There are 2 protein chains.
Amino acid sequence: MATKEEYTIKSRIWIRTKNGAFLGFGRVALLKKIDEYGSISKAAADMKMSYKKAWELVNSMNSQHSSPLVIRKIGGKGGGGSVLSAAGKNAIKVFEDLAQKNDDFLNDRMKEIQFDDE
Amino acid sequence: MATKEEYTIKSRIWIRTKNGAFLGFGRVALLKKIDEYGSISKAAADMKMSYKKAWELVNSMNSQHSSPLVIRKIGGKGGGGSVLSAAGKNAIKVFEDLAQKNDDFLNDRMKEIQFDDE
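Counting restarts for each chain: residues are numbered from 1 in the order of the written sequence. Whichever chain is written first becomes A and whichever ligand is written first becomes 1, with later ones labelled in order. Two thresholds apply to this predicted model, a pLDDT of at least 70 for residue-level local features and 80 or more for giving and counting side-chain atom pairs, whereas whole-chain, interface and lining totals are computed over all residues. With hydrogens and water stripped out, all remaining heavy atoms of the structure feed into the side-chain values.

Trainee: Now, about the relation of the copies chain A and chain B: what can you tell me, with residues and values included?
Mentor: Here the copies were fitted onto each other by least squares, based on C-alpha atoms from residues at pLDDT of at least 70 in both. Least-squares fitting of chain A to chain B yields an RMSD of 0.0 Å, with the superposition described by an axial translation of 0.0 Å and a rotation of 180 degrees. The superposition operator between the copies reduces to a two-fold rotation axis. Among all residues of chain A, the minimum C-alpha distance to the rotation axis is found for Arg12(A), at 2.6 Å. Contacts are residue-level and defined by heavy atoms, with any inter-residue pair within 4.5 Å sufficient. Both copies present the same face, since 100% of the interface residues in chain A are matched by interface residues at the equivalent positions in chain B.

Trainee: If you had to explain the pattern of salt bridges to someone new, which residues and values would you point to?
Mentor: Residue and element names in this part refer to chain B. Any carboxyl oxygen of Asp or Glu within 4 Å of a side-chain nitrogen of Lys or Arg constitutes a salt bridge here. Going through the model one piece at a time under the given rule, you end up with 14 salt bridges over all chains. Salt-bridge contacts for Asp-46 lead to Lys-33; the nearest nitrogen and oxygen are separated by 2.7 Å. Taken as a pair, Asp-46 in helix 2 (residues 40–46) and Lys-33 in helix 1 (residues 25–37) lie far apart in primary sequence, 13 residues in all. Assessed through its relative accessible area of 24%, Lys-33 is described here as partly exposed. Two residues, Lys-52 and Glu-56, come together in a salt bridge whose shortest N-O distance is 2.8 Å. Placement of the pair is Lys-52 and Glu-56 together in helix 3 (residues 51–63), with a separation of four residues, close to one helical turn. Look at Lys-52 and you get exposed, because its relative accessible area is 59%. By the criteria applied, helices consist of DSSP H or I runs no shorter than four residues and strands consist of E runs no shorter than two, each listed in order from the N terminus. The cut-offs for exposure are 20% and 50% of the maximum accessible area for each residue type, with area from a 1.4 Å probe on protein chains only; residues under the lower value are buried, those over the upper are exposed, and the others partly exposed.

Have a look at this one:
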């Protein structure tokens, strides 16, 4: 007799607009790092991402929302820095909540599934 | 006033065991091609995948199920070929049903989400 395997499920989600990707795990991770460091360059370095790439992602997110998710602060003795807007913080929350709900949904469905029913 | 973007959601799912990946979109696509062609090598060619890679994926799936999903037929004038077992056909059905249910779930959730509520 064969033993039954224990199957688990993983998922990834992406939110898009007609202009392409808006939010995914990588973009949300970048937003969280910007929130942590107050700096796109430090966030990029921490994620081993080029500054150029991080800026492209930030610009992509900002341009696909009615107001920017990331706001660049100009000047000051530290030379500025970047912070998340309320919309940026909301985007993280909404995305992570959706990902969690999706995991819960899929884990529930997996309990009903029989691969080994033949 | 900014206009609201129309957000859509995409997802990918993977089913795993403790030994690693069992089923994902690529593996299920391979199973469907094997079912169509009755041949792993023709399925691999159609997917622009090496025969070696296709065999590795088939072996991985077969070894993580109580009975093989793909059965190799030995001999015969055509030199054999491969067919899906009932378990293989069931795996396609279960996976695609799960992916569809997941899409439906996520699309419903997206209707409730407000990114632009600030």
